[in-house]
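# Overview (structure and organization)
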Amino acid sequence: MATLVYLHATENIGKGSLELVTYARKIDSDVTVFVTGEAPNASLETLGAYGAKEIIVNRVLSVSNNQQVCAWLAQHAANYSTILFSHDFNGRSIAPRLSVRIKAGLISGAVSLPETNGAIKVNVFSGKAFGFVKCLTETRIISLLPNSIAPELIGGTCTVREVNEQPSTQGTIAVLEVKKPEGAIPLPEAELVVSAGRGLKGPENWGMVEDLAEALGAATACSRPVADIGWRPHHEHVGQTGVAIRPNLYIAIGISGAIQHLAGVNGSKVIVVVNTDAEAPFFKAADYGVIGDAFEVVPKLTEAVKKFKAQA
Ligand SMILES: Cc1cc2nc3c(=O)[nH]c(=O)nc-3n(C[C@H](O)[C@H](O)[C@H](O)COP(=O)(O)OP(=O)(O)OC[C@H]3O[C@@H](n4cnc5c(N)ncnc54)[C@H](O)[C@@H]3O)c2cc1C
């Protein structure tokens, strides 16, 4: 049977969406994408080149009310044997609700395509190990960790159909305000990320982090306490309870490397750590480490990047 992909799509179709559609197409060539969000139809049509056959867009749903989105998807779920989400904030909220609602097994945090026996590799113990999980229900729900599969352009087109389906369930939550993340590069999509933690002492010192990010063309991120105390916005918080990222380069400045932080970043291809404490746990996960004071190291790193780019 067919595969349903859920996307919350804003203006542009991001890399994460292309990954999901590619993953779905590799499971089954019959891919329907259910969309909420403001992305224009012309932008959604690009998903056809990655394997989507049909796009169904529902613009009447309050996209931040995941109970309603879940109810909408549940109305259509019976036509699909696999239902796919990104393992992001929306996916982590909707997928378990849908699993309970339609009584389908959920494979959470998948990092591979199904093996021949149907088992799928998942991150377990906050990314410390892998497990293989198989769904025994007729319908399986999968949430895919970003950057687990490369988007694959195969050519092709899709139809886009707009629907105005408002599920009868209003849900038990009310969304009071939606704040859109600022910054030129969305964190979950970023190939390069510069992140900082409590070692920076205060929000007034983030200028040097932003300078390094700008020189590299990177997104900025932070540890959870930094967001909790209001030094940085919450959408920058990475880790077990924040955004999970898997960029090509992750630079961690003044972050200790607690297991809950590593859970969201240890899929990064290259990790660089700057920390004064040679015993900081992050060094065990690092590919490159600088034992030194961020206030000395980071400006020098920025200068070196700028010089390198000027010569290139
Ligand atoms: C249930 C649960 C979930 C959690 N989820 C998350 C999560 O998703 N993400 C997350 O990040 N945390 C999470 N945490 C918190 C986590 O356990 C750590 O407390 C947190 O990551 C520590 O943040 P930090 O490294 O910025 O601060 P600290 O632990 O205070 O570390 C600061 C580091 O900066 C270094 N330093 C100090 N001065 C300098 C300097 N001048 N130059 C360079 N280095 C310097 C220090 O040596 C130290 O290693 C969670 C905790 C719990 C219990």
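Here's what I pulled together on the structure shown here. Since this is a predicted model, take the numbers as computed values, not measurements. (Residues numbered from 1 in each chain as written. Predicted model: local features only at pLDDT ≥ 70, side-chain atom pairs only at ≥ 80, totals over all residues.)

Helix and strand counts for the protein chain come out as nine helices and 14 strands. Over its C-alpha trace the protein chain gives a radius of gyration of 20 Å, about what one expects of a compact globule, namely 20 Å for 312 residues. In the protein chain, which comprises 312 residues, the proportion classed as buried is 42%. Put simply, of all contacts in the protein chain between residues at least 6 apart along the chain, 67% involve residues at least 24 apart. (Helix = DSSP H or I, 4+ residues; strand = E, 2+ residues; numbered from the N terminus. Rg over C-alpha atoms; globule rule 2.2 N^0.38 Å. Buried ≥ 20, exposed ≤ 12 C-beta atoms within 10 Å, placed from the backbone. Contact = placed C-beta atoms within 7 Å.)

Right, let's talk about the nonpolar core for a bit. If you look at the biggest cluster of nonpolar residues, it comprises 82 residues, and the most contacted ones within it are Val5, Val21, Val33, Leu84 and Ile253. For this core, the two domains that each supply at least three residues are domain 1 (2–163) and domain 2 (187–311). In this view, Val5 contacts Leu20, Val21, Ala24, Val31, Val33 and Leu84; residues no more than four positions away in its chain are not counted. (Core = buried A, V, L, I, M, F, W, Y, C linked by C-beta atoms within 7 Å. Domains from an automatic or database assignment.)

Attention now goes to helix α9 (residues 294–311). The terminal C-alpha atoms of α9, which comprises 18 residues, lie 25 Å apart, in line with the 26 Å expected from a rise of 1.5 Å per residue. For α9, the full list of buried residues reads Ala294, Val298, Leu301 and Thr302. The arc that holds every buried residue of α9, seen down its axis, measures 100°, which confines them to one face. Exposed side of α9, more than 90 degrees from the buried face: Glu296, Lys300, Ala304, Lys307, Ala310 and Gln311 are the residues found there. Contact partners of the buried residues in α9: α5 (207–216), β12 (249–253) and β13 (270–275). (Expected span 1.5 Å × (residues − 1). Arc of directions from axis to C-beta.)

Of all the positions in α5, only Val209, Leu212 and Ala213 are classed as buried. Along the axis of α5, the buried positions cluster into a sector of 100°, meaning they face one direction only. Contacts made by the buried residues of α5 are with β10 (192–196), β11 (219–222), β12 and α9. Two residues or fewer past α5, Gly217 is found with a positive phi of approximately 75°.

A separate point is the site of the ligand. Taken together, 26 residues lie near the ligand, and Gly197, Gly199, Ser223, Gly239 and Gln260 sit nearest. For the shell around the ligand, the elements supplying multiple residues, two or more each, are α6 (224–228), α7 (259–265), β13 and α9. Class assignment for the residues of the shell around the ligand results in eight nonpolar, 14 polar and four charged. (Near = placed C-beta within 6 Å. Nonpolar A, V, L, I, M, F, W, Y, C, P; charged D, E, K, R; others polar.)

This part covers the packing of α5 against α9. Where α5 contacts α9, the axes come no closer than 9 Å and their chain directions differ by 20°. Classified by the angle their axes make, α5 and α9 are roughly parallel. α5 and α9 meet at a crossing whose hand is left-handed. Facing α5, whose interface residues are Met208, Val209, Asp211, Leu212, Ala215 and Leu216, α9 presents Val298, Pro299, Leu301, Thr302, Val305 and Lys306. Of the residues in the contact of α5 with α9, the class split is nine nonpolar, one polar and two charged. (Axes fitted to C-alpha atoms, helices over the stretch in contact; angles between N-to-C directions. Parallel < 35°, antiparallel > 145°, perpendicular 65-115°, else oblique. Left-handed = near helix turned anticlockwise from the far one by under 90°.)

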